[in-house]
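Structural characterization, general
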Amino acid sequence: MYSTLSIERQDRVATIWMDRPDVFNAFDEQLIADLGAACAELDADASVRVVVLAGRGKHFSAGADLNWMKRASVFTEEENRADARKFAHMLRALSDMSKPTVARVQGAALGGGTGLAAACDMAVASVDAQFATSEVKFGIIPAVISPYVLRAIGPRHALRYFQSGERFSAQRALAMGLVTEVCERDQLDATIAQLVGLLMSGAPLAQQSAKHLIAAVDGCPIDAAISEETAQRIARQRATSEAKDGISAFLEKRTPAWLV
């Protein structure tokens, strides 16, 4: 179905494997389209509880494909706008998925590769992973990935790395909040499996509501309006059949429906 990626399903976990190892999973128009479609497919699949984004070969993603960049360099402004919108739509589809998403990062995660990692809810990186928002080195800016990278590392760090374009390590990415776990490369899958196990224990609709809660509350002043907003959200959640079952299961010392 997809020419640039494959989807592996196992035990209610779906892994999207970017499959262009010969170009370090650099993305072009087709990979962007395939990633957007894969996100839509898996988001609509109720049998999938967690989505992992990964790259075949030595590297997660080296960012933009050089041939794609060459084509874009002669685009008109309107053609560039249309091209950028497709990339933006794909990143938003990844970020807005209604279930937990985990980036599996090894080797290079440069430019848009850093953006892909940031657009996921969390990221696990190997100790040899390297990141960069290197667009300024090509005379451009990391515009489309900026909302996701800023959400992860904040404006102060972004001011440095958006302007220097320098590479930074997995440990630096961990310290800034871009990744949530760092491990040896041969422990990537085991570390992700442990994290996925924790995610699978949560109620799926509650996890979706938690993502919406963060988006609604982040950056807001703690005032009467936000207090009312949070009260309304927990009241709606308590009224769901999922919440009623979860609380009853806890009190009755039984397994909740979503784990059966």
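All residue numbers here refer to positions counted from 1 along the written sequence of the relevant chain. In view of the model being predicted, local features appear only for residues whose pLDDT reaches at least 70, and side-chain atom pairs are presented and counted only at 80 or more, with totals across whole chains, interfaces and linings using the full set of residues. Calculation of side-chain values draws on the structure's entire complement of heavy atoms; hydrogens and water are dropped beforehand.

Notes on the domain arrangement of the protein
Rules: Delimitation of the domains relies on an automatic or database domain assignment. Throughout, a contact is declared for two residues whenever any of their heavy atoms are within 4.5 Å. Buried area counts how much accessible surface, traced with a 1.4 Å probe, disappears from two parts once they are put together, with both parts' losses summed. Whenever a carboxyl oxygen of Asp or Glu lies within 4 Å of a side-chain nitrogen of Lys or Arg, that contact is scored as a salt bridge. Two N or O atoms form a polar contact when they lie within 3.5 Å of each other; inside protein one atom must be a possible hydrogen donor and the other a possible acceptor, and for residues adjacent in sequence the pair counts only when both atoms belong to side chains.
As assigned here, the protein comprises domain 1 (5-200) and domain 2 (203-259). For domain 1 versus domain 2, the separation of C-alpha centres amounts to 28 Å. Counting residues at the interface gives 10 residues for domain 1 and seven residues for domain 2. Interface area lost by domain 1 to domain 2 is led by Arg 49, Ser 98 and Met 200, which between them contribute 60%. Along the contact surface separating domain 1 from domain 2 lie one salt bridge. Ionic pairing is found between Asp 121 and Lys 211, a salt bridge with its closest N-O pair at 2.9 Å. The tally of links from domain 1 across to domain 2 stands at five residue pairs in polar contact (both at pLDDT 80 or more).

A word on the environment of Asp 128
To keep it simple, the criterion reads: In this description a helix means any DSSP run of H or I spanning at least four residues, a strand means any run of E spanning at least two, and both kinds are numbered starting from the N terminus.
Relative to the helices and strands, Asp 128 is located in the loop between β6 (122-126) and β7 (130-132). Note: C-alpha distance between Asp 128 and Gln 106 (22 residues apart in sequence) is 6.8 Å. Filtering out sequence-adjacent residues up to four positions away, Asp 128 remains in contact with Gly 107 and Arg 185. A distance of 2.3 Å separates a polar atom in the side chain of Asp 128 from a polar atom in the side chain of Ser 126. Polar side-chain contacts of Asp 128 include one of 2.6 Å to the side chain of Arg 185.

Digging into the sheet that holds strand β2 (residues 13-18)
Quick note on the threshold: DSSP calls a pair of strands paired once it identifies at least 2 bridges connecting them. What counts as an axis is a line fitted to C-alpha atoms, over the stretch in contact for a helix, and the angles between N-to-C directions run from 0 to 180 degrees.
Across the sheet, which stays open at both edges, the six strands sit in the order β1-β2-β3-β4-β6-β9 with mixed pairing between neighbours. Each end of this open sheet is capped by a strand with a single partner; those strands are β1 (5-10) and β9 (181-183). The mean inter-strand angle of the sheet, taken between neighbouring strand axes irrespective of direction, is 20 degrees. Pairing of β2 with strand β3 (residues 50-55), which is carried by six bridges, proceeds in the parallel orientation. Counterpart to Trp 17 in the pairing with β3 is Ala 54. Sheet strands touched by helix α1 (residues 29-43): β1, β2 and β3. Its angle to β1, the strand with the most contacts, is close to 25 degrees.

Details of the packing of helix α4 (residues 112-119) against helix α5 (residues 146-164)
When two helices pack together, their arrangement is captured by the angle between the axes and the distance separating the axes. This is how it is decided: In this scheme, roughly parallel covers angles under 35 degrees and roughly antiparallel covers those over 145, while 65 to 115 is roughly perpendicular and the rest are oblique. Here a crossing is called left-handed whenever its near helix is offset anticlockwise from the far helix by less than a right angle, and right-handed whenever the offset is clockwise. Only Asp, Glu, Lys and Arg are considered charged, only Ala, Val, Leu, Ile, Met, Phe, Trp, Tyr, Cys and Pro nonpolar, and every remaining residue, Gly among them, polar.
Axis separation between α4 and α5 bottoms out at 8 Å; the angle between their running directions is 60 degrees. The pairing of α4 with α5 is recorded here as oblique in orientation. Relative to α5, the crossing made by α4 is left-handed. The segment α4 lies against α5, with Thr 114, Gly 115, Ala 118 and Ala 119 engaging Tyr 148, Val 149 and Arg 151. Along the lines of polarity and charge, the residues of the contact of α4 with α5 split into four nonpolar, two polar and one charged.

Notes on the state of the cysteines
Applicable threshold: Throughout, a disulfide means two cysteine sulfur atoms within 2.5 Å of one another. Exposure categories follow from relative accessible area, calculated using a 1.4 Å probe and restricted to protein chains: below 20% of the type maximum is buried, above 50% is exposed, and the middle band is partly exposed.
Under the definition given, this model contains zero disulfides. Unpaired in this structure, Cys 39 has its nearest cysteine sulfur neighbour in Cys 120, at a distance of 7.9 Å. The closest cysteine sulfur to the non-disulfide-bonded Cys 183 is located on Cys 120, 15 Å from its own sulfur. For Cys 183, a relative accessible area of 10% gives the class buried.

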